[in-house]
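Observations on the three-dimensional arrangement
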Amino acid sequence: MKRLLWIFFAVILLAACGGTYSVASGRDDAAQLSFASESSFDVKVDIDGTVYDMETVKQKAYRQRNMKATARNTINIATGQHKVVVTKDGKTIYDKQIFVSTGQHKVIEL
């Protein structure tokens, strides 16, 4: 009888053990890049050889945290190190290597 009772408890314990479950969540592995200046003007942005036509955000809106990320003033890029060159009317006004991390919205002041 004791043996039957032990077998019963062993079956109950083994049945109570669940399988392994995994859940993945978090941020996308991407970052955003925007450009701010004293006034709003059009620029060409070259990121690792890919050229984008952008419009700068006024620094007043950026400093007051009133900046809206739109397709016209924000670039979605992969995380990591990038070579960024910004030109206005054919003249280079920004040329640097930058590093962006996951979920970061980096604003470069021109």
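Nothing here was measured: the structure is a model prediction, and the numbers come from that model.

1. A short note on the sheet that holds strand β3 (residues 50–55)
Reading across the sheet, the four strands line up as β3-β2-β6-β7 and stay open at both edges, with antiparallel pairing between neighbours. Both edges of this open sheet fall to β3 and β7 (91–100), since each of them pairs with a single strand only. This sheet shows a mean twist of 25° between the axes of neighbouring strands, independent of strand direction. Pairing of strand β2 (residues 42–47) with strand β6 (residues 80–88) involves four bridges; the strand directions are antiparallel. Paired with D46 across the bridge in β6 is V85.

2. Concerning the side chain of T74
Within the element layout of this structure, T74 appears in strand β5 (residues 74–78). Relative accessible area serves as the criterion here: at 10%, T74 is assigned to the buried category. One polar contact links T74 to S34, side chain to side chain, over a distance of 3.1 Å.

3. Section: the pairing of β3
Examined bridge by bridge, β2 and β3 share six bridges and lie antiparallel to one another. The partner of D46 across the bridge, within β3, is V51. Counting the residues in the hairpin turn of β2 and β3 gives two residues, including D48, whose phi is positive at 50°.

4. What to know about the environment of I75
Among the structural elements, I75 can be located in strand β5. With relative accessibility at 3%, the residue I75 sits in the buried group. Beyond its immediate sequence surroundings of up to four residues, I75 is in contact with A31, Q32, L33, F35, V45, I47, Y52 and M54.

5. Here's the deal with a nonpolar patch on the surface
A surface patch of nonpolar side chains, amounting to about 400 Å² of accessible area, comprises L5, F8, F9 and I12. Within the secondary structure layout, L5 lies in helix α1 (residues 2–16).

6. Side note on the pattern of salt bridges
Evaluated as defined, the whole model comprises two salt bridges. Here K44 makes a salt bridge to D53, at a shortest N to O gap of 2.7 Å. What makes K44 partly exposed here is its relative accessible area of 42%. For K83, the salt bridge goes to D95, with nearest N and O atoms at 2.5 Å. In this pair, K83 sits in strand β6 while D95 sits in strand β7, placing the two residues 12 residues apart along the sequence. For K83, a relative accessible area of 34% gives the class partly exposed.

Rules used throughout
- Residues numbered from 1 in each chain as written.
- Predicted model: local features only at pLDDT ≥ 70, side-chain atom pairs only at ≥ 80, totals over all residues.
- Heavy atoms only, no water.
- Pairing = 2+ DSSP bridges.
- Helix = DSSP H or I, 4+ residues; strand = E, 2+ residues; numbered from the N terminus.
- Axes fitted to C-alpha atoms, helices over the stretch in contact; angles between N-to-C directions.
- Buried < 20%, exposed > 50% of the residue type's maximum accessible area, 1.4 Å probe, protein only.
- Polar contact = N/O pair within 3.5 Å; in protein donor to acceptor, adjacent residues only side chain to side chain.
- Contact = heavy atoms within 4.5 Å.
- Patch = residues over 30% accessible without salt bridge, like charges linked within 9 Å, V, L, I, M, F, W, Y side chains within 5 Å.
- Areas by Shrake-Rupley, 256 points an atom, 1.4 Å probe, with all protein chains shown as cover.
- Salt bridge = Lys/Arg side-chain N within 4 Å of Asp/Glu carboxyl O.

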